[in-house]
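Summary of the model geometry
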Amino acid sequence: MGLKKVVILGSTGSIGISTLKVIERFSNKFKVVGLTAYNNFKLLERQIRKFSPTHVAVSTKGVEYLKKHLGARQTRILNVEEDLESLVALKCVDIVVIAMRGSAALGPFLSAIRAGKTVAPANKEALVIAGDILISEAKRHKATIIPVDSEQSAIFQCLEGRNRGELKKIHLTASGGALLDVPKSRFDHLSVNQILNHPRWKMGKKITVDSAMLMNKGFEIIETKVLFQLSIDQIQVVVHPEAIIHSMAEFKDGSIIAQLSITDMRLPIQYALTYPERLESGLKPTNFFELGQFNFKKPDTNKFPALALSIHVGRRGGTLPSVLNAADEVAVDAFLNKKIKFSDIYRIVEKIVLRHRTIKNPTLKKILETDQWTRQETERLIFR
Ligand SMILES: NC(=O)c1ccc[n+]([C@@H]2O[C@H](COP(=O)([O-])OP(=O)(O)OC[C@H]3O[C@@H](n4cnc5c(N)ncnc54)[C@H](OP(=O)(O)O)[C@@H]3O)[C@@H](O)[C@H]2O)c1
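Residues numbered from 1 in each chain as written. Predicted model: local features only at pLDDT ≥ 70, side-chain atom pairs only at ≥ 80, totals over all residues.

Our next topic: the overall build of the protein chain. Looking only at helices and strands, the protein chain features 16 helices and 11 strands. By the compact-globule yardstick of 21 Å for 384 residues, the protein chain fits well, its C-alpha radius of gyration being 20 Å. Taken over the C-alpha atoms alone, the protein chain extends approximately 60 × 55 × 40 Å along its principal axes. Looking at the protein chain as a whole, 47% of its 384 residues are labelled buried. Pairs at least 24 residues apart make up 69% of the contacts formed inside the protein chain by residues separated by at least 6 positions. (Helix = DSSP H or I, 4+ residues; strand = E, 2+ residues; numbered from the N terminus. Rg over C-alpha atoms; globule rule 2.2 N^0.38 Å. Buried ≥ 20, exposed ≤ 12 C-beta atoms within 10 Å, placed from the backbone. Contact = placed C-beta atoms within 7 Å.)

Next up, the structure:
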């Protein structure tokens, strides 16, 4: 494997930081050429000093800060709102890790694909809202997509070298989030901190809230559908609280292939970076004797209606997934800013989804217009 040149979009977030840890371990195999952040420009500054990328991008305030503080470094400082699409398409780039959150990742994701890069998306929002376009453009431009999201990485690994015609279904595992054992009657009395206390994974705030309401799993159903070109009926969610099995593929003959490991995002990140090679990760091995047992449950869609709503949205497709995503982004943000209660997130998202008239096979322009319409409608509903 030659030296691979990597861009990390969202290097200051949970996935971005883990990606840099993996790269640090294999510094003879990877060179960081681009890092991007949004508001955390102080952490970005430390990352620049450590990894010496040739390009970075950050918000306008961050651009001013870095220009002032970095001195005579050979790092070009770009604007995150304007320059991500050209950054990922630079000739020298081999791999683009999409570790930024939200639908803002769609533009650079598409640009990386159109430039024929290897794209390692942790971001699921772009795949949810415009997955079909991303996949067909990837085929057209011979770009490779190697998923980082742990469940998608598991499915990718379970399906490697298999005849896809023999696949029956995917068992998409879910740890159950912070509210698995909390009665629904208590949901409205839970603080932001209680919701953010995920039992298995340490992640960014938005995905942790989505996990608590199983909206994240709903997004993953749509992500799985588009990434592996399956029907929604071929994807079954299984609650597995130990979160050691990251997903399973069941074949026609009844055999099931699973991918297991400890809950550490460095593993799927490393696999996406070193693919198809497997290298020593240095992480704690899975100890079955310590684990003792695995549990499995059917998801409770009465308690977590976001899961049923996502399945409905995934089935209808078209512009509806972009409505689900944008309404959720706005509502989760309002919850994190203590403007609404936890259960309001679902109520608001459902209302907006039901208001929308789905357009089939939308163009990218239609998807982006729908995203804008949804954000305005959701904000109006929250702040009226
Ligand atoms: N965390 C996990 O374990 C995990 C697992 C599977 C999938 N994912 C997915 O991976 C993505 C990132 O998750 P995360 O937990 O790492 O999120 P996070 O900790 O919130 O980090 C998000 C990153 O995106 C940047 N960012 C935020 N808004 C942006 C915008 N509008 N434009 C450009 N950059 C922006 C942030 O910059 P600043 O911090 O500088 O503001 C930060 O670097 C999400 O799509 C999530 O669903 C995460």
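This part takes up the sheet that holds strand β3 (residues 55-58). The strand order across the open sheet formed by 7 strands is β4-β3-β2-β1-β5-β6-β7, and the pairing between neighbours is parallel. Looking at strand neighbours, the two that pair on one side only are β4 (76-79) and β7 (144-145), the edges of this open sheet. When strand β5 (residues 95-98) meets strand β6 (residues 118-121), the two strands line up parallel, connected through 4 bridges. Considered in β6, the bridge of I98 is made with P121. (Pairing = 2+ DSSP bridges.)

Once that is clear, we can look at the domain arrangement of the protein chain. For the protein chain, the domain assignment lists domain 1 (4-148) and domain 2 (152-263 + 300-383). For domain 1 versus domain 2, the separation of C-alpha centres amounts to 24 Å. Across the contact, 18 residues belong to domain 1 and 21 residues belong to domain 2. Broken down by element, the side of domain 1 that touches domain 2 gets its largest block of residues, 9 residues, from helix α6 (residues 125-140). Of the residues belonging to the side of domain 1 that touches domain 2, the class tally is 9 nonpolar, 5 polar and 4 charged. (Domains from an automatic or database assignment. Nonpolar A, V, L, I, M, F, W, Y, C, P; charged D, E, K, R; others polar.)

A few words on the site of the ligand. Near the ligand lie 27 residues; those nearest to it are G10, G13, Y38, M203 and G204. Contributing elements (two or more residues each) for the shell around the ligand: α1 (14-25) and α9 (205-212). The dominant element in the shell around the ligand, judged by the number of residues it contributes, is α1, at 3 residues. Three or more residues apiece are contributed to the shell around the ligand by two domains, here domain 1 (4-148) and domain 2 (152-263 + 300-383). (Near = placed C-beta within 6 Å.)

Note on placement: L364 falls in helix α16 (residues 364-383). Residue classification places L364 among the partly exposed positions, given that 15 C-beta atoms sit within 10 Å. In sequence terms L364 and T12 are 352 residues apart; their C-alpha atoms lie 28 Å from each other. For L364, the contacting residues outside a window of four places in its chain are A130 and I133.

The next thing to look at is the pairing of strand β8 (residues 167-174). Pairing of β8 with strand β10 (residues 245-251), which is carried by 4 bridges, proceeds in the antiparallel orientation. Residue pairing across strands places H171 opposite M248, the latter belonging to β10. The pairing of β8 with strand β9 (residues 235-239) spans 5 bridges and is classified as parallel. Across the sheet, residue T173 finds its bridge partner in β9, namely V238.

Turning next to the packing of helix α14 (residues 320-336) against α16. Where α14 contacts α16, the axes come no closer than 8 Å and their chain directions differ by 35°. With respect to the hand of their crossing, α14 and α16 are arranged in right-handed fashion. Two secondary-structure elements touch here, α14 through S322, V323, A326, A327, V330, A331 and A334 and α16 through I367, T370, D371, T374, R375, T378, E379 and I382. For the contact of α14 with α16, the per-class residue count stands at 8 nonpolar, 4 polar and 3 charged. (Axes fitted to C-alpha atoms, helices over the stretch in contact; angles between N-to-C directions. Left-handed = near helix turned anticlockwise from the far one by under 90°.)

What follows is about α16. Its 20 residues give α16 an end-to-end C-alpha distance of 29 Å, which sits within 8% of 28 Å, the value for a rise of 1.5 Å per residue. The set of residues buried in α16 consists of I367, T370, D371, T374, T378 and L381. Looking straight down α16, one finds its buried side chains confined to an arc of 105°; they lie on one side. Turned more than 90 degrees away from the buried face of α16, the exposed residues are K365, Q372, Q376, R380 and F383. For α16, the elements touching its buried residues are α6, α14 and α15 (342-355). (Expected span 1.5 Å × (residues − 1). Arc of directions from axis to C-beta.)

What follows covers unusual backbone geometry. Leave glycine aside and you will find that most residues have negative phi; peptide bonds, for their part, are mostly trans. With an omega of 5°, the peptide bond running from Y275 to P276 counts as cis. Here P276 shows up in the loop between α11 (266-274) and α12 (288-291). Despite not being glycine, K142 has its phi angle at roughly 55°, a positive value. Mapped onto the secondary structure, K142 falls in the loop between α6 and β7. A positive phi angle, near 50°, is found at A243, a position not held by glycine. With respect to the secondary-structure elements, A243 resides in the loop between β9 and β10. For A243, a count of 19 C-beta atoms within 10 Å gives the class partly exposed.

Moving on to the nonpolar core. L9, V96, V97, I98, F109, A120 and A327 are the most contacted members of the largest nonpolar core, which totals 109 residues. At 10 residues, α14 tops the list of elements feeding residues into this core. Each of two domains, domain 1 (4-148) and domain 2 (152-263 + 300-383), supplies a minimum of three residues to this core. Contacts of I98, omitting those with residues within four sequence positions, involve L9, A105, F109, V119, A120, P121, A122 and N123. (Core = buried A, V, L, I, M, F, W, Y, C linked by C-beta atoms within 7 Å.)

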